[in-house]
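Survey of secondary and tertiary structure
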Amino acid sequence: MEADNRSKYVLTVSCPEANGIVRAVSDFLFQRGATISEAAQHRDPVIDRFFMRVEFEEVEAHLPATEKLDEDFAAVARQFDMQWSFFDLRKRPKLLLAVSRHGHCLNDILHRWSSGALPADVIGVVSNHEDMRGITEWYGLDYFYLPLTPDTKVAQEEAMLDIVTSKQVDVLALARYMQILSPRMCEVMAGRAINIHHSFLPGFKGANPYRQAYMRGVKIIGATAHYVTTELDEGPIIEQAVERIDHNFDIDELMQIGRDAECAAFARALKWHCEHRIIINGNKTVVFK
């Protein structure tokens with residue numbers, strides 16, 4: 001079977017609600033000989049805003065590069081006051097993982113990447129500890145050890161940003177990286193940094209959250225994947241996973257259930273981001289699954 005070398009793209013659109021948006025986008029693609037393979041729309045009725053994701057490909061006509069599509073689409077975008085982006089699906093996003101000492105999310109993502117389930121190119125792992133060097137190098141990836149003290153935080157983050165720049169990183173995945181990113185780091189990586197953390201109902205913060213949850217007798221445990229902002233763990237939510245529990249579960253079992261939930265939510269969030277299925281809408285997201 002011959003390899004499929006046809007150009008495949010995604011267009012994402014966000015704009016005020018108006019008549020004719022879908023037709024204008026469809027006509028634009030039709031005029032260039034594109035075939036739409038997937039399309040989804042959403043209207044936020046509270047703010048009266050429209051969101052759209054269109055996946056399309058060339059069949060008979062040869063489609064231009066994203067830069068040319070972007071230039072040609074500007075007239076349509078101005079008509080509807082759009083924020084828009086074109087993505088070439090043949091160009092896999094470059095992913096940098098960050099981890100501290102808990103390796104469950106890192107192991108899960110590396111396995112998904114190596115098996116082809118994650119449409120990204122992992123360029124390496126950065127950490128403030130040495131614990132995850134072995135598994136990282138087993139996968140043949142670079143391990144960037146950046147030790148951290150209160151006095152070296154600024155320099156450590158600058159070194160991380162140097163890696164982001166030199167490796168042309170598209171997304172930073174905080175796979176249980178137990179450090180708070182500075183406002184500068186959050187600004188540089190806005191919309192490109194994804195974090196995962198546990199989600200208890202009710203919520204518990206600080207030391208030993210699983211023990212706190214056990215002592216309180218919680219009935220629901222889960223995880224939240226979200227974009228990173230300067231507000232700690234308050235960025236736009238991408239995905240959540242939830243499991244019911246009861247009095248029969250001990251603390252170790254709660255921890256394992258929580259880690260499984262973290263892996264599942266984190267993996268889905270990264271996959272959707274890499275497939276350009278997410279549009280940020282203020283402090284929340286529209287996710288075209």
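Our subject in this report is the structure included herewith. (Residues numbered from 1 in each chain as written. Predicted model: local features only at pLDDT ≥ 70, side-chain atom pairs only at ≥ 80, totals over all residues. Heavy atoms only, no water.)

In this structure, Leu 95, Leu 97 and Phe 266 are the most contacted members of the largest nonpolar core, which totals 37 residues. Mapped by element, the contributors of at least two residues to this core are β5 (94-99), α3 (104-114), β6 (121-127), β8 (171-174), β9 (193-201), β10 (220-227), β11 (237-244) and α8 (251-274). Among the elements that take part in this core, α8 stands out by supplying nine residues, more than any other. Discounting chain neighbours no more than four positions away, the residues touching Leu 95 are Ile 109, Leu 118, Ala 120, Asp 121, Val 122, Ile 123, Gly 124, Val 171, Ala 173 and Leu 270. (Core = buried A, V, L, I, M, F, W, Y, C linked by side-chain atoms within 4.5 Å. Buried < 20%, exposed > 50% of the residue type's maximum accessible area, 1.4 Å probe, protein only. Helix = DSSP H or I, 4+ residues; strand = E, 2+ residues; numbered from the N terminus. Contact = heavy atoms within 4.5 Å.)

The next point concerns the packing of aromatic side chains. Per the counting criterion, the structure on display carries eight aromatic pairs. On the numbers, 5.5 Å between centres and 90° between planes, the contact of Phe 73 with Phe 86 is edge-to-face. Of the two residues, Phe 73 sits in helix α2 (residues 66-80) while Phe 86 sits in strand β4 (residues 83-88), which places them 13 residues apart along the sequence. Phe 86 shares its class with Phe 73; the two are buried. For the pair Trp 138 and Tyr 139, a centre-to-centre distance of 4.9 Å together with 85° between the ring planes defines the contact as edge-to-face. Accessibility expressed as a relative area gives 67% for Trp 138, which makes it exposed. (Phe/Tyr/Trp six-rings, centres within 6.5 Å; stacked < 30°, edge-to-face > 60°.)

Bringing the pairing of strand β12 (residues 278-281) into the picture now. In the sheet, β12 pairs with strand β13 (residues 284-287) via four bridges, with the strands oriented antiparallel. Paired with Ile 279 across the bridge in β13 is Val 286. Hairpin connection of β12 to β13: two residues between the antiparallel strands, including Gly 282 at a positive phi of 70°. (Pairing = 2+ DSSP bridges.)

Phi at Asp 48 is positive, roughly 55°, even though this residue is not glycine. One can find Asp 48 in the loop between β2 (34-44) and β3 (49-58). A residue is classified by how much of its surface remains accessible, and Asp 48, at 35% relative accessible area, is partly exposed. You will see that Asp 81, though not glycine, has its phi angle at about 55°, which is positive. In this structure, Asp 81 sits in the loop between α2 and β4.

Pairing within the open sheet is antiparallel, and its four strands lie in the order β2-β3-β1-β4. Sheet topology places β2 and β4 at the edges, where each strand pairs with a single neighbour. If you compare each strand with its neighbour and ignore which way they point, the axes differ by 10° on average. The strands touched by α2 within the sheet are β1 (8-16), β3 and β4, with β4 carrying the most contacts at an inclination of about 160°. (Axes fitted to C-alpha atoms, helices over the stretch in contact; angles between N-to-C directions.)

Here α3 crosses α8 at 45°, and the two axes come no closer than 9 Å. Classified by the angle their axes make, α3 and α8 are oblique. α3 and α8 meet at a crossing whose hand is right-handed. For the pair α3 and α8, the contacting residues are His 104, Cys 105, Asp 108, Ile 109 and Arg 112 in the first and Arg 259, Glu 262, Cys 263, Phe 266, Ala 267 and Leu 270 in the second. Looking at side-chain class alone, the contact of α3 with α8 contains six nonpolar, one polar and four charged residues. (Parallel < 35°, antiparallel > 145°, perpendicular 65-115°, else oblique. Left-handed = near helix turned anticlockwise from the far one by under 90°. Nonpolar A, V, L, I, M, F, W, Y, C, P; charged D, E, K, R; others polar.)

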